[in-house]
Amino acid sequence: MKRILLLPIFLLTSRIVFAQTAPPTDIATIEQNFKKLDVLGSVLYVAAHPDDENTRLLAYLAQEKHYRTGYLSMTRGDGGQNLIGNEQGELLGLIRTQELLAARKIDGAEQFFTRTVDFGFSKGPKETLDFWNEEKALGDVVWVIRKFRPDVIICRFPTTGEGGHGNHTASAILAQEAFTAAADPKRFPEQLKYVQTWQAKRLLWNTFNFGNTNTTAPDQFKINVGVYNPLLGKGYGEMAAESRSNHKTQGFGSARQRGNAYEYFKTILGDAPKDDLMDGVNTSWERVKGGESVGNDVDQIAKNFVPETPYKSVPAMVQLLNKVEKISDTYWKTQKTKELSDLIAACAGLWFESYATEEAIALHDSIEIRSQVLDRYNDKIKVSQIDGLHFEGGKVVPANEVQNFSSRIDADKISQPYWLEKPHSIGSYAIVDERLVGNPENPDLPKISYEFIIEGKPIRFERQLVYKYVDPAKGEIYQPVEIAPPVTANIQGQVYIFNSQQPQTVQIKLKSFKNGATGNIHLNAPAGFKVSPESAAFTNKAKGDEWEQDFTITPSNNQSQTGVLEAQVTFGMDPKVYNYGILSIHYNHIPNITIFPTAQAKLIQLDMKIAGKKIGYINGAGDLVPDALRQVGYEVHQLSENEILNGDLSVYDAIVVGVRAYNVDPRLVIEQPKLMEYVKNGGNMLVQYNNNNGLVTKEIGPYPFKVVNERVTDENAKITIIDPNNSILNYPNKISQSDFDGWVQERGLYFTKDADGQYQKVLQMNDPGEATKDGSLITTQYGKGRFIYTSLAFFRQLPAGVPGAYRLFINMLSKPKANP
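Residues numbered from 1 in each chain as written. Predicted model: local features only at pLDDT ≥ 70, side-chain atom pairs only at ≥ 80, totals over all residues. Heavy atoms only, no water.

Engineer: Could you clarify how one ought to interpret the overall build of the protein chain in this entry?
Structural biologist: Helix and strand counts for the protein chain stand at 16 helices and 49 strands. The C-alpha atoms of the protein chain give a radius of gyration of 29 Å, which matches the 28 Å a tight globule of 820 residues would have. For the C-alpha atoms alone, the extent of the protein chain along its principal axes is close to 95 × 75 × 55 Å. For the protein chain, the proportion of its 820 residues judged to be buried stands at 55%. (Helix = DSSP H or I, 4+ residues; strand = E, 2+ residues; numbered from the N terminus. Rg over C-alpha atoms; globule rule 2.2 N^0.38 Å. Buried < 20%, exposed > 50% of the residue type's maximum accessible area, 1.4 Å probe, protein only.)

Following this line, the structure appears as structure tokens:
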């Protein structure tokens, strides 16, 4: 998957053709939806991260048992690693959100989130709950339960720690507390303005057999989820593999499994099931007052349904809708009205969608919309409203003739993910409107409302507004509509390092999203830094125009100053200041993602010396280290296999191997002898961390060592220098304890162990309450050269602008010259 970096905008050379926004209307889907219409039951699955969910069980519950099924992921997976690109943190969370939504489209479940942030690996639930703000996180889980109203709640992990990760255990603790709290009107009473209390029937733990941990037992309640669905033409193990394979950033492509497969459950709270997951829960229409006759009608309509003429069922279904709208249970009335309305449209052959004529629209401009309506079977349907268009008495939709309609709506809000609208803490997003919690995406994204008259009854629908175009190679492509600031300003670098009083040029790339844009760009710098010019004007820019503006930044006299540089755009007499950049993420398995982050960069004034100039870089799973090195003045060249095998590597002052390269690049087995030859002849080779699982070779260095699943997750853990005279700590920068201040997320991961005696161990550290670890940084002389392996998380520290991490990394790139 080749990706091209242009400024801070990530682009792919290819895009996926996404499905239409109208729901599927094939006969198998219609018959599945008839079955779902007759089931009034719901199950909520709870875990910590994207990929924690049991997709096979979700698919079985949603598609075989036809329960309303949801997955509540506490986080969006922000703290993990990315195997297909270099996005980290909240950007990775955006990708994994879309991967989860893609997975849910396959297994049939719904997706929910809390506000909590995946801050990286956690060794215990206390740390997790402290970072997450336990009471806020619990309130979010209670909110989702009260809105979703599950009859059964299932945890992926136990409260007793067998799940390993502290986030996993914390998710189970919160689910257990929320099981009771959701039913208590004294807990989170502010929510009761919008939802009612809810008591689920039972809370279960979906026990597991992972690796060496088997928590299943013969006496546990079990379900065979490996059954085959002839309507869908696949079993739930096959469907689960398709769903799980959407987690591409985690490398979770899965083989389809077929045949019997059992899931085991242990009861945590509530009545234990004996014969069925829903024991004691009435999942028929009889659970709601007046529902018995509705259930009878559903059964009769399904019995009389003829696949060749689905439209003949529409009159009876419309009569049924009148009954459903009269039931007193608001929750099930809402759910089943939506299901039945969509089923009526599908059986009637009614298809409709709305498209913006442009992919990006400036805030406060109007969006030109083209809507299309088609009645595939006959001319019995009338359209009475499409958003702002009204047709008195209804306009007949001719049989099988596409009808086109034009309208406009205002672009009244920038399309920024609601959880990224405000700065957030390490462990929790700042949510402006608490009612948004749980939503995977913004619920207020532009939608177009429709009203049709079907069998004399007005029925309302909505469609997401999208941008559709035709690619010559791929055909129709659907992508989200972007509502952008009038002008965006991207600062070219994330971090600017000043290690002298020399000024630096900072380039701003601007883009106009409206015609006639006229205004000024200004840089707001920390006190002591000087900016020239003070501001720069732009005049009458057309929509789509892009241009650059250079500013010169002169540092202050304070050699340890750090601050934030912010780009600000103003327009004439408009008092509003726009401080937005634009960042787009394109991958071929999810829709395009566009956000408008604050246009900022970090300015760091640092006492730092640099030795050497040319760096050869071997790409791994993706990181931003090469950009960080270029910023401080290195020439970084990404090495190809041909250059490694046949080129002159001696021209490089150091060769750096990217994170997890020995996991993702099988050609390193072939290249390794040449790399060791480079070291032996006097080269300097630095290898960054690798996962202990899936190494393409265990012979990473000139002498043996093991990569193990050990880490230090406390970014403030004390560092003990155990080899103070090692050149890594002394040349060209003298490293001290202060260089380990201000690190982010973690110290390091996948440390080394059992290193050969030829290696020198440089640092020692540990998480609270654990034994010390000395495998974060090892080095050895080999021939005339030096080999270094580090598990320290430089791939996080350098993009975050951690000063000491820069000084230490540069030392590792700088091999002292041998004495003559």
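Engineer: Any chance you could explain empty space enclosed by the protein here in plain terms?
Structural biologist: Any empty space left between atoms is shown by rolling a water-sized probe over those atoms. Taken as a whole, this structure holds three cavities of 30 Å³ or more when the rule is applied. For the largest cavity, the calculated volume is near 100 Å³. Ala22, Pro23, Thr25, Leu350 and Trp351 are the residues nearest the centre of the largest cavity, which is lined by twelve residues in total. Those elements giving two or more residues to the lining of the largest cavity turn out to be α10 (330–348) and β14 (350–356). Among the elements that line the lining of the largest cavity, the one with the most residues is α10, at three residues. Looking at side-chain class alone, the lining of the largest cavity contains six nonpolar, three polar and three charged residues. Here the second largest cavity is characterised by a volume of approximately 80 Å³. (1 Å grid on protein atoms, 1.4 Å probe; cavity = no way out; pocket = protein on both sides within 12 Å on 5 of 7 lines; lining within 4 Å. Points joined across faces, edges and corners; volume = space filled by probe spheres on them. Nonpolar A, V, L, I, M, F, W, Y, C, P; charged D, E, K, R; others polar.)

Engineer: How do you make sense of helix α14 (residues 668–680) when you look at a structure like this?
Structural biologist: One turn of an α-helix holds 3.6 residues; hence residues three or four places apart share an orientation. Between its first and last C-alpha, α14 extends 17 Å over 13 residues, near the 18 Å set by a 1.5 Å rise per residue. Considered for burial, the residues of α14 that qualify are Leu668, Glu671, Gln672, Leu675, Met676, Tyr678 and Val679. Following α14 by one or two positions, Gly682 has its phi on the positive side, about 120 degrees. (Expected span 1.5 Å × (residues − 1).)

Engineer: For this particular structure, what's the right way to read the side chain of Arg115?
Structural biologist: You can see Arg115 is positioned in the loop between β5 (110–113) and α4 (125–132). Engagement of the side chain of Arg115 in a polar contact is seen with the side chain of Asp140, the distance being 2.9 Å. Here Glu434 takes part through its side chain, which lies 2.5 Å from a polar atom of the side chain of Arg115. With residues near it in sequence (within four places) discarded, Arg115 still touches Lys136, Asp140, Ser428, Tyr429, Ile431, Glu434 and Val437. (Polar contact = N/O pair within 3.5 Å; in protein donor to acceptor, adjacent residues only side chain to side chain. Contact = heavy atoms within 4.5 Å.)

Engineer: Could you clarify how one ought to interpret the packing of aromatic side chains in this entry?
Structural biologist: Taken as a whole and judged by the stated rule, the model has 35 aromatic pairs. Site record: aromatic cluster; members linked through ring pairs are Tyr703, Phe705, Tyr759, Tyr782, Phe787 and Tyr789. Over the ring of Tyr652 we find Lys614; its NZ or CZ atom is 5.5 Å from the centre of that ring. (Phe/Tyr/Trp six-rings, centres within 6.5 Å; stacked < 30°, edge-to-face > 60°. Lys NZ or Arg CZ within 6 Å of the ring centre and 35° of its normal.)

Engineer: For this particular structure, what's the right way to read the sheet that holds strand β18 (residues 389–396)?
Structural biologist: Where strands meet in a sheet, backbone hydrogen bonds hold them as pairs that are either parallel or antiparallel. Strand order in the open sheet formed by four strands is β18-β17-β20-β21, with antiparallel pairing between adjacent strands. Because the sheet does not close on itself, it has two edges, and the strands there are β18 and β21 (457–464). Pairs of neighbouring strands in the sheet enclose a mean axial angle of 20 degrees, with direction left out of account. Where strand β17 (residues 382–386) and strand β20 (residues 447–454) come together, four bridges link them in antiparallel fashion. Counterpart to Lys382 in the pairing with β20 is Ile453. Contacts from helix α9 (residues 314–324) reach β20 and β21, with the element oriented near 90 degrees to β21. (Pairing = 2+ DSSP bridges. Axes fitted to C-alpha atoms, helices over the stretch in contact; angles between N-to-C directions.)

Engineer: Explain unusual backbone geometry here, please?
Structural biologist: Glycine aside, the phi torsion of most residues is negative, and most peptide linkages are trans. Put simply, Ser532 and Pro533 share a cis peptide bond, and its omega is -5 degrees. Within the secondary structure, Pro533 sits in the loop between β29 (530–532) and β30 (535–541). Along the chain, Tyr731 connects to Pro732 via a cis peptide bond; the corresponding omega equals -5 degrees. Inspection of the secondary structure assignment puts Pro732 in the loop between β43 (719–721) and β44 (748–749). The phi dihedral of Tyr750 is positive, around 55 degrees, even though this residue is not glycine. Considering the arrangement of structural elements, one finds Tyr750 in the loop between β44 and β45 (752–753).

Engineer: I tried to follow the pattern of salt bridges on my own but got confused; where do I start?
Structural biologist: A side chain of one charge can pair with a side chain of the opposite charge when the charged atoms of the two come close. In total, this model carries 39 salt bridges according to the counting rule given. The partner of Lys413 in a salt bridge is Glu421, with the nearest N and O atoms 3.5 Å apart. The exposure class of Glu421 is partly exposed, given its relative accessible area of 30%. As a salt-bridge pair, Arg630 and Asp627 come within 3.1 Å of each other at their nearest N and O atoms. Within this pair, Arg630 and its partner Asp627 are both found in helix α11 (residues 625–631), separated by three residues, close to a single helical turn. For Arg630, a relative accessible area of 36% gives the class partly exposed. Taken together, the salt bridges that share partners define one network made up of Arg115, Lys136, Asp140 and Glu434. (Salt bridge = Lys/Arg side-chain N within 4 Å of Asp/Glu carboxyl O.)

Engineer: Honestly, the side chain of Glu263 in this entry has me stumped. Any pointers?
Structural biologist: In this structure, Glu263 sits in strand β13 (residues 262–270). Of note is the side chain of Glu263, whose polar atom sits 2.8 Å from the side chain of Arg56. Setting aside anything within four residues of it in sequence, one finds Glu263 in contact with Asn54, Arg56, Leu57, Asn206, Phe221, Lys222, Ile223 and Val225.

Engineer: Explain helix α1 (residues 27–37) here, please?
Structural biologist: Inspection of α1 places Ala28, Ile30, Gln32, Phe34 and Leu37 among the buried residues, and these make up the whole buried set. Against the buried residues of α1 lie α2 (55–64), β11 (228–229), α8 (291–304), α9 and α10.

Engineer: Is there a simple way to think about the packing of α4 against helix α6 (residues 166–181) in this case?
Structural biologist: Where α4 contacts α6, the axes come no closer than 8 Å and their chain directions differ by 70 degrees. Viewed along their axes, α4 and α6 adopt a mutual orientation that is roughly perpendicular. Every residue of α6 that contacts α4 at Pro125, Thr128, Leu129 and Trp132 is listed here: Gly166, Asn167, Thr169, Ala170, Ser171, Ile173 and Leu174. Residue composition of the contact of α4 with α6, grouped by class: six nonpolar, five polar and no charged. (Parallel < 35°, antiparallel > 145°, perpendicular 65-115°, else oblique.)

Engineer: When you look at the packing of helix α3 (residues 89–107) against helix α7 (residues 236–244) in this model, what are you seeing that I'm missing?
Structural biologist: For any two helices packed against each other, the geometry is given by the interaxial angle and the distance between the axes. Two numbers describe how α3 lies on α7: the axes approach to 8 Å, and their chain directions differ by 160 degrees. Relative to α7, α3 is oriented roughly antiparallel. When the axes of α3 and α7 are compared, the crossing they make is right-handed. Along the contact surface, α3 presents Ala103, Arg104, Ile106 and Asp107, while α7 presents Met239, Glu242 and Ser243. (Left-handed = near helix turned anticlockwise from the far one by under 90°.)

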